[in-house]
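Overview (structure and organization)
One letter stands for each residue in the lines below.
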Amino acid sequence: MDRYFIYSYNYFSKRKWLFWLCCGLVFIALGLTAGRIHFEEDISRLIPNSEKNSDLQRVLETVNFSDKIVVLIEKEAGGDTEDLIAAADAFSDSLLPRADRYVKEFQGRVEDETALRIMDLAYENMPLFLSDSDYEILESRVDADSIRKIVEENYTTLVSPAGIVSKQTIIRDPLGISLLGLKHLQQTAVIENFELNDGYLVGKEGTYLLLFITTRFATSETAENQEFALQLEDIRKQLNIQFRDMASINYYGGALIAVANAKQIKRDITFTVSIVVVILLVLFILFYRKLSIPLILGMPTLFGALMAVTVLSFARTEISAISLGIGSVLLGVTLDYGLHILTHLRNGSSVTQLYSEVTAPILMSALTTALAFLCLLFIDSRALNDLGLFAACSVLGAAVFALFFIPHVYRGSGEKLKSNVLDKIAKVPYQKSNTLLGVIVLASVIGIFTFRSVEFNGDLGEFNFVPPSLQQTEKRLDTLTNITERSLYITAFGEDIEAVLQQNELVYERLKVHEDYGHIEGFSSAATLFASEKKQELRINTWNAFWTDSLKAAVQNVLVESGRTVGFKEGAHSEFYELLQKEFQPLSIEEYRDFPKVAANDFLASESGFHTVTSVVRVKPEFIPNIKASFENSEQVVVIDRQGLNESLLGSLKDDFNSLMLYCLLAVSILLLLYYRSLKLLLVTLLPIILTWLITLGAMGILGLQFNVFNVIITAFIFGLGVDYSIFITNGLIRKASGDLKALPTHKTSVLLSVITTLLGVGVLIFARHPALNSIAAVSLIGILTAVILAFVLQPVLYQFINFKLPAKE
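Calculation notes
- Residues numbered from 1 in each chain as written.
- Predicted model: local features only at pLDDT ≥ 70, side-chain atom pairs only at ≥ 80, totals over all residues.
- Heavy atoms only, no water.
- Helix = DSSP H or I, 4+ residues; strand = E, 2+ residues; numbered from the N terminus.
- Buried < 20%, exposed > 50% of the residue type's maximum accessible area, 1.4 Å probe, protein only.
- Contact = heavy atoms within 4.5 Å.
- Areas by Shrake-Rupley, 256 points an atom, 1.4 Å probe, with all protein chains shown as cover.
- Core = buried A, V, L, I, M, F, W, Y, C linked by side-chain atoms within 4.5 Å.
- Polar contact = N/O pair within 3.5 Å; in protein donor to acceptor, adjacent residues only side chain to side chain.
- Salt bridge = Lys/Arg side-chain N within 4 Å of Asp/Glu carboxyl O.
- Phe/Tyr/Trp six-rings, centres within 6.5 Å; stacked < 30°, edge-to-face > 60°.
- Lys NZ or Arg CZ within 6 Å of the ring centre and 35° of its normal.
- Axes fitted to C-alpha atoms, helices over the stretch in contact; angles between N-to-C directions.
- Parallel < 35°, antiparallel > 145°, perpendicular 65-115°, else oblique.
- Left-handed = near helix turned anticlockwise from the far one by under 90°.
- Nonpolar A, V, L, I, M, F, W, Y, C, P; charged D, E, K, R; others polar.
- Expected span 1.5 Å × (residues − 1).
- Patch = residues over 30% accessible without salt bridge, like charges linked within 9 Å, V, L, I, M, F, W, Y side chains within 5 Å.
- Disulfide = S-S within 2.5 Å.
- Pairing = 2+ DSSP bridges.
- pLDDT = per-residue confidence, 0-100.

1. Points about the overall build of the chain
Looking only at helices and strands, the chain has 31 helices and 15 strands in total. Here the chain holds 810 residues, and 53% of them are scored as buried. Counting contacts in the chain only where the partners sit at least 6 residues apart, residues at least 24 apart contribute 84% of the total. Of the roughly 37000 Å² of accessible surface on the chain, 57% is carried by carbon and sulfur atoms.

Right under this line is the structure:
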């Protein structure tokens, strides 16, 4: 392979203009192609997909969780309920100009016209909203004595001040039947202890008020939601100044947490990568004594990244932004190849010697690292698949371009350089230290007993960054309303909407039983809002069976007679009599959607012929297993515990992780065996890598560190980096045994530079505020330090112990 690079070097070294032209054109082409792709910031894309949970995945893609932004308006020391109302009015007026672009639905105030239309819905479709127990109440209202008493009460109400409001209801529904149906419509609200005040949802104590905003964009669309979040914050600041000491406004919601999360990741990455770049600039310039070194090293890294994104752009329109989260880590492995080349040139190697010495190990290192990342393709997660392909293409591209590019733009000084600190460290015979060998043996033995104690944390919520202001609002809401209490979502699903609605009615009946037993705090179900066509027909039949012709006539006679007594005209309730003669028909889902403030879309979702109807259950934590167990064998029904769901689905990554390590080990073993053609050399190279994992896991067990979806990603990187170190040290030992005494120290120096680069890249992540980046840093630091110590101490001992006789060509 080295002869191809030598030929390429000789050809382009005589045609520098062509060399730079080709480089420029390649970078322009890659840049234009890579620019088509977008980065996705939704960390839930890490959740695995598999045939086992295909129905669940389809439900998750369809169901509407209604992650609303909650607006909490609280009364301050100098305020009263009127100030709450005034602040809510001011907020609504401020939000209105932005509503068309950002707001899908704004809930919190019920206008008089809206309330009347909802009452019309219950009145005009009266049988559809009555339960069997309602007919028991109605039975007691239709006897003559009860009707006379009701008429007297209605008259008293009409001549009182309250009669102005209730006149229409009393005239057209003297028995108050529609009010029984309205009771069921109110059950769609899962929040209790509220009352309407001037149309607003106010806590019964009158100390706080709630508004709800449903954005036009999904929670994961942080770029669009970020702009809205900034505008909401401006409104909050202005109104808090306007209503100082009277009322205060704060927000809480999944969209705002997602925005804060994405902003913090970007801020941390910018901060950490900037620090790393500055430190490495100084280090490389001082070590190689050339100002252009940072640019020379950066070009292969840039080429690798652009090539990887270009490859992905042909298969994807967007990739997970988690690839950016490990950008500072990949910086170490892609710079690694350039460092090996530069160190050999710095130490006086000619270009021919350089290619002879480093081409094979660099390409082998790149291939093994790429294979380690490609093993992520075996994990059922779209984001991890993207990452594996991106990282593999990146390291391969960087390695090949470094071999092609760097010899053209860097020359050693030609003078004998004085040894610096790194050179001196590289020359130390660490394998002769019994102390280091003893520490390795002890750490390996401890690892055998502690590596099994490492647990997998599948709760993505723990790796979200939540700003203090949102945390405080969450606690306040929980104190006031329990609105942030853990909820379960019981979802009926299928392609036949009628069957889905019928299944949802069975869910409702079962939840009523759980409520009677005290297992749940309360629940909100679509079954009280809209019923299946079969259920509606049964209710209409029940209505018709109850209202016989004789009963209709008797009720009308008593209403007319008793009404005449108190002063009602004979035709006062004619609209009610006409209603009793009406032939009712079932309502369609589309007709329900037409009514304002009837939140059908909060429960019902449809996409591509697939329908879901969801009930929201506020559950006591100790009874969550009971609820899940009761629906376990229900067909076309899933229980979605949004926290437990992540833990369950991501928990499968723990098993995938074990498979991942086996795949990596097998792939790398085959590749190394083909390269070295010696089982002994394979053992010298591979044993330190295996011990690296044992010691790393053992250290994690002792320190109480957990695996999670983020640092599992890094395991592939550490594996590949460990292989890289081992390959270069093995090749250095081989060349030393064949008489090249400079080879091993040079290899060790380049490995040390790679270690320093990588440690800086991951080390600064410790100072990031985002917990996901902290977890990456902790595991990486342990793994990288272990890998280099084993390469420097154990590999020479193994090589000497086996006592190789090298092939003649070596």
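2. Some words on the nonpolar core
The biggest cluster of nonpolar side chains holds 116 residues, and the ones touching the most others in it are Phe284, Tyr288, Ile341, Phe405, Ile406 and Tyr725. At 16 residues, the largest contribution of residues to this core is made by helix α16 (residues 382-409). The next biggest cluster of nonpolar side chains, apart from the first, holds 57 residues, and it includes Leu121, Val555, Leu579 and Val619.

3. Considerations on the side chain of Thr786
Turning to its location among the elements, Thr786 is positioned in helix α31 (residues 771-802). Given the relative accessible area of 12%, Thr786 is considered buried. A polar contact of 2.7 Å, which involves the side chain of Thr786, links it to the backbone oxygen of Ile782. For Thr786, the contacting residues outside a window of four places in its chain are Thr692, Ile695 and Thr696.

4. Thoughts on the pattern of salt bridges
Enumeration over the complete set of coordinates arrives at 6 salt bridges. The residue Glu515 makes a salt bridge to Lys512 at a minimum N-O spacing of 3.6 Å. Pair noted here: Glu515 and Lys512 are both in helix α20 (residues 497-516), with a separation of 3 residues, about one helical turn. The class for Lys512 is partly exposed, based on a relative accessible area of 28%. As a salt-bridge pair, Asp740 and Arg735 come within 3.5 Å of each other at their nearest N and O atoms. Judged by relative accessible area, which is 21%, Asp740 ranks as partly exposed. Note on Arg735: relative accessible area 25%, which makes it partly exposed.

5. Quick word on the packing of aromatic side chains
Under the counting rule described, the total for this entry stands at 28 aromatic pairs. Ring geometry for Tyr102 and Phe228: centres 5.1 Å apart, planes at 15°, overall stacked. In this pair, Tyr102 sits in helix α4 (residues 81-102) while Phe228 sits in helix α10 (residues 222-242), placing the two residues 126 residues apart along the sequence. Among the aromatic residues, those joined into a cluster by ring pairs are Tyr7, Tyr11, Phe12, Phe19, Trp20, Phe27, Phe303, Phe401, Phe404 and Phe405. Sitting over the ring of Phe19, Lys16 keeps its end group 5.7 Å from the ring centre.

6. Section: the packing of helix α6 (residues 132-141) against helix α21 (residues 533-546)
Between α6 and α21, the shortest axis-to-axis distance is 12 Å and the interhelical angle comes to 20°. Taken together, the axes of α6 and α21 lie roughly parallel to each other. For the pair α6 and α21, the crossing hand works out as right-handed. Residues Tyr135, Leu138 and Glu139 of α6 form the contact with α21, whose own contacting residues are Arg539, Thr542, Trp543 and Phe546. The residue makeup of the contact of α6 with α21, split by class, is 4 nonpolar, 1 polar and 2 charged.

7. Regarding the environment of Thr207
Tracing the chain through its elements places Thr207 in the loop between β5 (200-203) and β6 (208-215). Judged by its relative accessible area of 30%, Thr207 is partly exposed. For the pair Thr207 and Thr81, spaced 126 residues apart in the sequence, the C-alpha separation amounts to 6.8 Å. In contact with Thr207, other than residues within four places in its own chain, are Ile73, Glu74, Lys75 and Leu84.

8. Let's talk about α10
Every α-helical turn comprises 3.6 residues, leaving residues that sit three or four positions apart pointing alike. For α10, spanning 21 residues, the distance from its first C-alpha to its last is 29 Å, which sits close to the expected 30 Å at 1.5 Å a residue. As for α10, its buried residues are in contact with β2 (69-75), α4, β3 (103-107), β6, β7 (247-252) and α11 (254-288).

9. Looking at a nonpolar patch on the surface
On the surface, Val277, Val278, Leu281, Val282 and Leu286 cluster together into a nonpolar patch covering about 430 Å² of accessible area. Exposure remark for Leu281: the relative accessible area of 34% places this residue in the partly exposed category.

10. Observations concerning unusual backbone geometry
As a rule of thumb, non-glycine residues mostly have phi less than zero, and peptide bonds are mostly trans rather than cis. For Gln636, which is not glycine, the phi dihedral falls at a positive 60°. Summarising the element assignment, Gln636 is placed in the loop between α26 (624-630) and β14 (637-640). You will see that Arg677, though not glycine, has its phi angle at about 55°, which is positive. Following the sequence through the fold, Arg677 ends up in the loop between α27 (642-676) and α28 (679-703). On the accessibility criterion, Arg677 (62% relative accessible area) is exposed.

11. Brief notes about the state of the cysteines
Taken as a whole, this structure holds 0 disulfides when the rule is applied. Cys22 takes part in no disulfide bond, and the closest cysteine sulfur, belonging to Cys23, lies 7.0 Å away. Look at Cys22 and you get partly exposed, because its relative accessible area is 29%.

12. What about the pairing of strand β12 (residues 604-607)?
Here β12 runs beside strand β13 (residues 610-619); their pairing, made up of 4 bridges, is antiparallel. Of the residues in β13, the one forming a bridge with Glu607 is Phe610. In this antiparallel pair of consecutive strands, β12 and β13, the connection spans 2 residues, and Ser608 shows a positive phi of 55°.

13. Looking at the confidence of the model for the chain
Looking at the chain as a whole, its pLDDT mean stands at 80, while 83% of the residues score no less than 70. α21 holds the highest mean pLDDT among the elements of the chain, 92, whereas helix α13 (residues 322-325) holds the lowest, 53. Across residues 805-810 the pLDDT falls below 50, and counting only partners more than four positions away or on other chains, this stretch makes 7 contacts in the model.

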